[in-house]
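# Descriptive structure summary
Letter by letter, the chains look like this.
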Amino acid sequence: MPDLMLRMSARMPHCATIPKKLIILHYHLRPGGVRRVIEMYLPALAVSGVFDSITLAVGEADDHAWTDFVTPTVKGVPFAIHVEPALAYLTERASDASRIRSELRTFLQRWCNEGSVVWAHNLGLARNILLADELARHSAQTGMPVLSQHHDFWFDNRWARWPVLQANGFGNLKKIACATFAAGAHFVHGAINSADESILAANMPGRTAWLPNPASLGERPSAREIRAAKRWMDRELGHTGPVWIFPTRFLRRKNIAEAVLLTRWLRPEAMLVTTAGVSSPEEAHYARRLEAAAAAGKWAVRFRLLAGRDAESPSVPALLCASDSVLLTSVQEGFGLPFLEAAALGTPLLARRLPNVEPDLDRLGFRFPGVYDDVIVPPGLFDEDAERERQEIVYDGWKRTLPASCRRLAGIPRFLQAHGPGPIPFSSLTPTAQMEVLAQDPKSAWDAARPLNPDLVAAAEAGRQPVAWPKDAEKLVSPTACTERLLEALRAMPSAPVKDSEAVNAQETFIRERLSPQFLYSLLMQS
């Protein structure tokens, strides 16, 4: 996306050379998008010639299998993984805020000292607001540059975080904004999609960058690895027919029930597979419900295929190549890495269209014919009266959990906007109603739904073929290209710190957008 690169360069005054000691911060090393992004960047960062050392600091125990895989790829500079419990999710720490702050200050003084530059991931998610706050303080005091890369945000259908933020001393929105967007500190803010970057740029001029997730054609496994993955999968699943795979952790925003529905409706002879397990306690109830329904209904699904993986387990890319199709049914993504991975690996893709992701894919030259807007469910496949009552209860309860100043901004979810019975998107239903739809005979249900879903029918047909990798994509999203963009952002670090007003205005703009109806799903309102 050259236009964004030029815009970033034009508005950022270039500063001195980048410090030689790179510290990468993240909460954990659980399977998922952020770990995959770091994994893709590390080799290119190492050979860039910019850094004398690279340290990856995380908040919980090292994933030794991943470390054994990634460490040999980091060549030319000393590389280490440091586990610092103070970096972990606050909800998973027993310590009080004052003790965690003390631990964070000790860590920052020891590791993020003179000659350091920090690349911090997902501070805006506010899973550890104390880390964001202390890192901003440390940067303000020492002048240490920080590139804060935002993959997700706490106000993006994650309002259950609000009580946790309050309990840790962040009782108003201004204080949260100043921590997560680093008021007073020497930060550049990176966004993984241009929609978020445009909001940041409008409110924080001169200190934002577009940093898409990297992907590359060079990642395709060998034919031998793919055959081994297929044999392993056949053995693990006890199924030799078609496999549709959704590479994901068990998260509600992934809308996994829709992936089950699509498989049962569109390819009933196939088995749906998801890869990773539950990584957050707040997602466990949804996972248990869906797994119980799958067992009771004897659905052809296998959740968490790689949970507890060992050295003999195939890689995710090998499994994607060994599967018949990749599914992506998320209602919310920052980037949607499976789009690019499916194209790079040559596996057909059926995916939900994401309005904040599609523009970037278009600009990168990708054309995905196997995308759909919604799965429309006809009346009669669930109890509509009971669902309306559930939706009203969920919405009212959710609205009361919002900060008082945000309640007036909250839009009305799509289901509650409807007057009377009628077709409705599956994604707009509560988990209970989704389970009711899935309990119907799939052939009869799809016969009733097919006339309402012409774009889904077309997407399913078009999505049978692999997507071509655009000629210029490698120049824009390869690990090398993304690393060059990241280094450009670091070189363009503004000398002036972030203003309070910039941080507050950015957060307020995001909140107004994220509380509009198109971003609201009852699925994400229930904890």
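All values reported here derive from a predicted model rather than from experimental measurement.

### Focus: the sheet that holds strand 12 (residues 349–352)
- Reading across from one edge, 10-9-8-11-12-13 is the order of the six strands in this open sheet, with parallel pairing throughout. The open sheet has two edge strands with one neighbour each: strand 10 (301–302) and strand 13 (371–372).

### Comments concerning helix 2 (residues 33–47)
- With 15 residues, helix 2 ought to run about 21 Å at 1.5 Å a step, and its terminal C-alpha atoms sit 23 Å apart, in line with that.
- The sharpest bend along helix 2 measures roughly 30 degrees and falls at Y41, with the proline P43 sitting one to four residues further on.
- Counting buried residues along helix 2, twelve of its 15 residues qualify, which places the element largely inside the surrounding structure.
- Within the span of helix 2, buried status applies to V34, R35, R36, V37, I38, E39, M40, Y41, L42, A44, L45 and A46.

### Details of the packing of aromatic side chains
- All chains considered together, the criterion is met by 17 aromatic pairs.
- Ring geometry for W154 versus F155: centroids 5.8 Å apart, planes at 70 degrees, classification edge-to-face.
- The buried category is assigned to W154, whose relative accessible area is 0%.
- Relative to F510, the ring of F155 has its centre 5.6 Å away and its plane inclined at 25 degrees; by these criteria the two rings are stacked.

### Looking at the sheet that holds strand 5 (residues 146–150)
- With parallel pairing, seven strands are arranged side by side in an open sheet as 3-2-1-4-5-6-7. The open sheet has two edge strands with one neighbour each: strand 3 (79–83) and strand 7 (208–210). Averaged over all pairs of adjacent strands, the angle between strand axes in this sheet comes to 20 degrees, irrespective of strand direction.
- Taken together, the five bridges between strand 2 (residues 53–58) and strand 3 define a ladder with parallel strand orientation. Across the sheet, V58 pairs through a bridge with V83, a residue of strand 3.

### Structural notes on the packing of helix 2 against helix 22 (residues 479–491)
- The geometry of helix 2 relative to helix 22 is characterised by a closest axis approach of 9 Å and an angle of 75 degrees between their N-to-C directions. The angle between the axes of helix 2 and helix 22 places the two elements in the roughly perpendicular class. Contacts between helix 2 and helix 22 involve M40, Y41, A44 and L45 from the former and P479, T480, C482, T483 and L486 from the latter.
- Counted by class, the contact of helix 2 with helix 22 contains seven nonpolar, two polar and no charged residues.

### Digging into unusual backbone geometry
- For N122, which is not glycine, the phi dihedral falls at a positive 65 degrees.
- Along the polypeptide, N122 turns up in the loop between strand 4 (116–121) and helix 5 (129–142).
- Of the residues examined, N122 reaches a relative accessible area of 3% and is grouped as buried.
- Its identity as a non-glycine residue notwithstanding, A182 has a phi of 60 degrees, on the positive side.
- Turning to its location among the elements, A182 is positioned in the loop between helix 7 (173–180) and strand 6 (187–191).

### A word on the side chain of S116
- Mapping S116 onto the fold places it in strand 4.
- Engagement of the side chain of S116 in a polar contact is seen with the backbone oxygen of N113, the distance being 2.9 Å.
- When residues no more than four places from it in sequence are discounted, the contact partners of S116 are P19, K21, I23, W111, M144 and P145.

### As for the pattern of salt bridges
- Evaluated as defined, the whole model comprises 37 salt bridges.
- We note a salt bridge from D133 to R101, for which the minimum N-O separation is 3.0 Å. In this pair, D133 is assigned in helix 5 and R101 in helix 4 (residues 97–111), connecting sequence segments 32 residues apart. Side by side, D133 and R101 carry an identical accessibility label, which is buried.
- One salt bridge in this structure joins E236 and R302, with 3.9 Å as the shortest N-O distance. Placement of the pair is E236 in helix 9 (residues 223–237) and R302 in strand 10, with a sequence separation of 66 residues.
- You can call E236 partly exposed: its relative accessible area is 34%.
- Because the salt bridges share partners, they merge into one network encompassing R101, R105, D133, E134 and R137.

### Structural notes on the side chain of S216
- With respect to the helices, strands and loops of the structure, S216 is situated in the loop between strand 7 and helix 9.
- For S216, a relative accessible area of 11% gives the class buried.
- In this structure the side chain of S216 is engaged in a polar contact, spanning 2.8 Å, whose partner is the side chain of E474.
- Apart from residues no more than four positions distant in its own chain, S216 is found in contact with M40, A344, W469, E474 and P479.

### Overview of the environment of F79
- Its location among the elements puts F79 in strand 3.
- You can call F79 buried: its relative accessible area is 16%.
- Those residues in contact with F79, other than ones at most four positions away along the chain, are L42, I54, L56, V70, T71 and V74.

### A look at the confidence of the model for the chain
- With 97% of its residues at a pLDDT of 70 or more, the chain has an overall mean of 93.
- Across residues 1–15, where pLDDT falls below 50, the model places 38 contacts with residues more than four positions away in sequence or in other chains.

### Here's the deal with the pairing of strand 9 (residues 271–274)
- Here strand 9 shows no split at all, with M271 and V273 on one side and L272 and T274 on the other all buried.
- Taken together, the four bridges between strand 8 (residues 243–246) and strand 9 define a ladder with parallel strand orientation. Note on strand 9: the bridge partner recorded for V243 is M271.
- As a crossover connection, the stretch from strand 9 through helix 11 (residues 284–297) into strand 10 is right-handed.

Procedures and definitions
- Residues numbered from 1 in each chain as written.
- Predicted model: local features only at pLDDT ≥ 70, side-chain atom pairs only at ≥ 80, totals over all residues.
- Heavy atoms only, no water.
- Pairing = 2+ DSSP bridges.
- Helix = DSSP H or I, 4+ residues; strand = E, 2+ residues; numbered from the N terminus.
- Expected span 1.5 Å × (residues − 1).
- Bend = angle between axes of the 7 residues up to and from the residue.
- Buried < 20%, exposed > 50% of the residue type's maximum accessible area, 1.4 Å probe, protein only.
- Phe/Tyr/Trp six-rings, centres within 6.5 Å; stacked < 30°, edge-to-face > 60°.
- Axes fitted to C-alpha atoms, helices over the stretch in contact; angles between N-to-C directions.
- Parallel < 35°, antiparallel > 145°, perpendicular 65-115°, else oblique.
- Contact = heavy atoms within 4.5 Å.
- Nonpolar A, V, L, I, M, F, W, Y, C, P; charged D, E, K, R; others polar.
- Polar contact = N/O pair within 3.5 Å; in protein donor to acceptor, adjacent residues only side chain to side chain.
- Salt bridge = Lys/Arg side-chain N within 4 Å of Asp/Glu carboxyl O.
- pLDDT = per-residue confidence, 0-100.
- Right-handed = clockwise from strand over helix to strand, strands pointing away.

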